[in-house]
Amino acid sequence: MSAKYRPDIDGLRAVAVIPVVLFHSKISLFGGNLFPGGFVGVDIFFVISGYLISTILLGDITSNKFSILKFYERRIRRIFPALFAVLLFATGAAFVILLPGSGREMDYFGTHLFGATFFYANYQFMSEAGYFAAAAEDNPLLHLWSLAVEEQFYIVFPVYLYLVSRFFRDRLGIVTMAVLLVSLVYSIDLVRVDANAAFYSTPARAWELMLGAMLAIFPRQGPMDQRLAQLFTATGIGFIIYSIVFFSEAMRFPGAAALLPCAGAALILYAGQTNETWAGKILSTNAFRFPGLISYSLYLWHWPVLVFYRLYAITPLSQMEIALLIGVMLAAAWVSWKYVEAPFRTRNVLAKRNPLFAAGAGMMLVSAACGALIGYGDGLPGRLPDQVIRILEAKTDWPKIERCEIVIPEEAGKAGLQTRICMIGAHNPGKATFAVWGDSHAESMTPGIDVAAKRAGAKGILFNRHGCPPLLGYDMLGNDNEGCPASAAAAVAHLAGHPEISHVFLVSRWAFYAEGVGYKNELSSQGFARDSLTKSVSVMENRKVFERAFERTLAQLQSLGRQVTVVTSTPEMGWNIPDIIARARIFNRDLEFNLSEKEYKDRQAFVTEVFDNNKDRYNLIFIRPDEKMCGDEYCVVSDETELPIYIDDDHITNSYSLKLSSLFDPFFQASPVNSTGRRAAGQ
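What comes next concerns the included structure. (Residues numbered from 1 in each chain as written. Predicted model: local features only at pLDDT ≥ 70, side-chain atom pairs only at ≥ 80, totals over all residues. Heavy atoms only, no water.)

**Some words on the overall build of the protein**
So, step 1. Scanning the protein from terminus to terminus reveals 27 helices and 13 strands.
So, step 2. Its C-alpha radius of gyration of 29 Å places the protein within 12% of the 26 Å reference for a compact globule of 683 residues.
So, step 3. Its C-alpha atoms put the protein at 95 × 55 × 45 Å along the principal axes.
So, step 4. Restricting to contacts in the protein with at least 6 residues of sequence separation, those with at least 24 account for 78%. (Helix = DSSP H or I, 4+ residues; strand = E, 2+ residues; numbered from the N terminus. Rg over C-alpha atoms; globule rule 2.2 N^0.38 Å. Contact = heavy atoms within 4.5 Å.)

**Observations concerning unusual backbone geometry**
So, step 1. With omega at 10°, the peptide bond leading from Phe253 into Pro254 counts as cis.
So, step 2. Here Pro254 shows up in the loop between α10 (226-246) and α11 (259-271).
So, step 3. Located in the positive-phi region is Leu350, a residue other than glycine, with phi close to 50°.
So, step 4. Tracing the backbone shows Leu350 in the loop between α15 (319-345) and α16 (353-376).

**Section: the state of the cysteines**
So, step 1. According to the stated counting rule, one finds three disulfides in the structure shown.
So, step 2. Here Cys404 pairs with Cys422 through a disulfide, and the sulfurs are 2.0 Å apart. As the torsion about the S-S bond is roughly 110°, the Cys404-Cys422 disulfide counts as right-handed. Here Cys404 is found in strand β3 (residues 404-406), whereas its partner Cys422 is found in strand β4 (residues 420-425), with 18 residues between them in sequence.
So, step 3. When its relative accessible area of 0% is taken as the criterion, Cys422 is described as buried.
So, step 4. The side chain of Cys630 participates in a disulfide bridge whose partner is Cys635; the two sulfur atoms lie 1.9 Å from each other. On the sign convention where negative means left-handed, the S-S torsion of about 95° between Cys630 and Cys635 marks this disulfide as right-handed. By the burial criterion, Cys630 is buried, and Cys635 matches it.
So, step 5. Once the disulfide-bonded cysteines of the protein are ranked by sequence position, their pairing pattern turns out to be 1-2, 3-4, 5-6. (Disulfide = S-S within 2.5 Å. Buried < 20%, exposed > 50% of the residue type's maximum accessible area, 1.4 Å probe, protein only.)

**Some details on the environment of Met540**
So, step 1. Residue position: Met540 is located in helix α21 (residues 539-559).
So, step 2. According to the relative accessible area criterion, Met540 is exposed, its value standing at 53%.
So, step 3. Each C-alpha atom, one on Met540 and one on Glu515, is 7.6 Å from the other, the two residues being 25 residues apart in sequence.

**Some words on the sheet that holds β3**
So, step 1. The seven strands lie next to each other as β3-β4-β6-β5-β8-β10-β12, forming an open sheet whose pairing is mixed. Looking at strand neighbours, the two that pair on one side only are β3 and β12 (621-623), the edges of this open sheet. The mean inter-strand angle of the sheet, taken between neighbouring strand axes irrespective of direction, is 20°.
So, step 2. Note that strand β8 (residues 503-507) and strand β10 (residues 563-567) share five bridges and pair parallel. Note that in β10 the partner of His503 across the bridge is Gln563.
So, step 3. Along the sheet, helix α19 (residues 484-497) contacts β4, β5 (434-438), β6 (459-464) and β8; its crossing angle with β6, the most-contacted strand, is approximately 160°. (Pairing = 2+ DSSP bridges. Axes fitted to C-alpha atoms, helices over the stretch in contact; angles between N-to-C directions.)

**Focus: the side chain of Ser165**
So, step 1. The residue Ser165 is located in helix α6 (residues 145-167) in this model.
So, step 2. Not counting residues up to four positions away in its chain, the partners in contact with Ser165 are Leu58, Ile61 and Leu172.

**Examining the pairing of β8**
So, step 1. For β8, the tally of buried residues reaches five of five residues, placing the bulk of the element in the interior.
So, step 2. Here β5 runs beside β8; their pairing, made up of five bridges, is parallel. Looking across to β8, one finds that Val436 is bridged to Phe505.

**What about the pattern of salt bridges?**
So, step 1. Applying the stated criterion to the full structure yields 34 salt bridges.
So, step 2. A salt bridge links Asp189 to Arg192; the nearest nitrogen and oxygen atoms lie 2.5 Å apart. One end of the pair, Asp189, and the other, Arg192, are both in helix α7 (residues 172-193), three residues apart, so they sit about a helical turn from each other.
So, step 3. Classification of Arg192 as partly exposed rests on a relative accessible area of 48%.
So, step 4. For Glu208, the salt bridge identified is with Arg205, shortest N-O distance 3.1 Å. With Glu208 and Arg205 both in helix α9 (residues 202-217) and three residues apart, this pair spans about one turn of that helix.
So, step 5. According to the relative accessible area criterion, Arg205 is buried, its value standing at 1%.
So, step 6. Residues participating in the shared-partner salt-bridge network are Arg509, Glu572, Arg603, Asp649 and Asp650. (Salt bridge = Lys/Arg side-chain N within 4 Å of Asp/Glu carboxyl O.)

**What about the packing of helix α3 (residues 68-97) against helix α14 (residues 295-313)?**
The axes of two packed helices give the description: the angle between them and the distance between them.
So, step 1. For the pair α3 and α14, the least separation of the axes is 10 Å and the interaxial angle reads 5°. Classed by the angle they form, the pair α3 and α14 counts as roughly parallel. Judged by residue contacts, Arg78, Ile79, Ala82, Leu83, Ala85, Val86, Phe89, Ala90, Ala93, Ala94 and Ile97 of α3 engage Tyr296, Ser297, Leu300, Trp301, Pro304, Phe308, Leu311 and Tyr312 from α14.
So, step 2. Residue composition of the contact of α3 with α14, by class: 17 nonpolar, one polar and one charged. (Parallel < 35°, antiparallel > 145°, perpendicular 65-115°, else oblique. Nonpolar A, V, L, I, M, F, W, Y, C, P; charged D, E, K, R; others polar.)

In C-alpha cells, the structure reads:
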C-alpha cells in the first residue's frame, strides 16, 4: 500500500480550510454569515488526516518498515515548524495587545500557550467558554484545539494499528469499525448532555479520523463503475455544501450532525482512489490545489491574525477590512508554507533525526517557559502604564457579599451558578422583611440596596443565581442554565415560608431574557428559553415566553401577598467597557463608547411594554437606574475620574452601585420594611 500523491486531496483540503476562514472572518451576505456552517471544515480535515496517515502507516507495516520514531519524525517535520512560528508571532502580538491581570486575556494566553505547546489545549477550552461563545472570539489560540485532538489521537493510533495489524490482521477492519462506532455513539450521547465536551473531546472526535482510516484499511483494488463513482463524488460534494451553507453554531455539534460533512469527505476520497471524476478534476486544478497546499499554514495563521487585529481595531470591522485581512492571512500562509514548512519537510533543514528531535524539544521548552512566565505573572502587568492598570481594576470591583448559604447543594460545584441566600441590610436580631431576587445583576445592584437599607434600619435577603432571571417557568436553553426553573421555584418556596418578607425587589438583565440574544458586540451570546407553550426558538417566540413567565411570577407573588418593586435594567453597553477604555488608552485612540439614551430605550422597548401592561394589575413600583446613568443624550460608561463604572459590558461595579443607593432611599424611608412601620407612598 503506497501513499500515491493525489492532487484532488489537496483540493479537498482547500474545501475544508476556506469555509473555516470565511466562517471565522464573518464574511456576510444580507447581514448573515455567508458560510454559517464553515466550522465543519475541521471535520473534513480529520477525515483526510485519518486516511492519509493510515495509508502511510499501513504501507510501512506491510513492508516491514514501520518505526514509531520515523512516524514522529514525520509529524515533527509536518507540524512543528509552522506551529511554533505562529506561536512566536502570537506571543509577540499578545505582549503588545492583550490585557494583563489574573483571569484576563494575557493570563489566559499564557495558560493556553502552555497547553498548545504540549497539545492538550482542547481540554483547557472544554472547561472554559464554548467554541461559539462570544468570549472565545478573543482567544488567539482557540483554533489549536483541533491540532491537540489530532496529536492526542496519533499518540495511540500508530501503536494500535501496528499491534492489531500484526496479531489480528484479518480483523483489523472489524476492530477499527467497532472502535469507530463506540466513538460515534459516545459523541452522539455526549452532545446531548455536554455539547462543549463533545466538541473538544478526543474520544468524541476519534471516529472522524477513524472514518478516514477505514478507507485506507479497505482501499479499492480497481476502478468502480464510472457512473457510481460520479454519483459518490456528487453526493459527497452535496453533503459538504449543505453542511457549510445550512449548518449553524446554534445546532448541537458534532454528534450525529458531523456525519454529513465527514461522509461527504469520505465519499470523495473513496471514489477518487481508482476513478477520475468530474469533482476530482475540479479539485485537482490549481485554483483548489494551491489553497490546499498552504492549508495547514493558512489554518494556523488565519485565527490569530483575525483576533489580534480585531482587538487592536476595537470597533467592529468593515467588510473591506475583513477582505484585506484575508489577503494578509493568505500572504502569511504562503510565506510560512514556502520558507518554514517546506524546508523542514524536504529535509533542507535539520536533515538528521536526532538534531530535529533536539530542536523540537527545545522549541517546546522555550514555548512552555514563556507560557508559564505569562500565566504565573498575571499577564505581566508591569508592561503597561499605571493609568491603564487602574482602568482594568474595575473588572474586579465586584460586590463581596457575606453571610450567604447555598440553597440547592447539587449545584455547588458549578462556580458562580449556585442558588444562594445572603443576608443584607441592617445587622439586627429581627427577621428579614424584604428580598432582592434576581440574577448576577441583582448581585451587582445589591451594594446600593444594602447601604440604603442599613440607613433605614431594614433587614433583608438576596436570593440569586447567575444567569437566571427571577421568573417562574422560564427554562433557558443551555447546560449552564438548566437549573433556572428549580432556582425560581426555590425562591418562591422560601418566600411562601417566610410571610414576614413583605416586599420583593426583582432585579435582572431584563432585555437579554426577553430578546434571547446579547447586545451589539455580544450578539453571538444567546439566552433563548422555553416553557410548556413554546413552539419554536426565535426572538419573537422568546418574547412570548418572557411575557408569560413575568405575568406568572407576578401572579404567584400577589397570591402570597407580596408587594413587588421592579428595578429596571442598567444600560447594556454591548462592549467590555474596561477593556476598550484601556485598549484605547494603550493605542492612544480617541474613541467614544457612550450609549445613546435612544439606543437604551430601543433595547428595552418590549420589556417596557410588558412592564406597563402589568403595572396597574399588580400594583408594581419601579426603580429606574437609567434615570441616573443616562442624560439627555447619552448613558455614561465612566465616572468623574474617567474610571469605568462597568466591570464588563452590562454589570456595574461595586463602587458605582454604592452611588446608586440614593435611588432606594425613598422606598426604605417610607416603606413598612423598616422600623418606622410607615407604608410607601402609593401602596
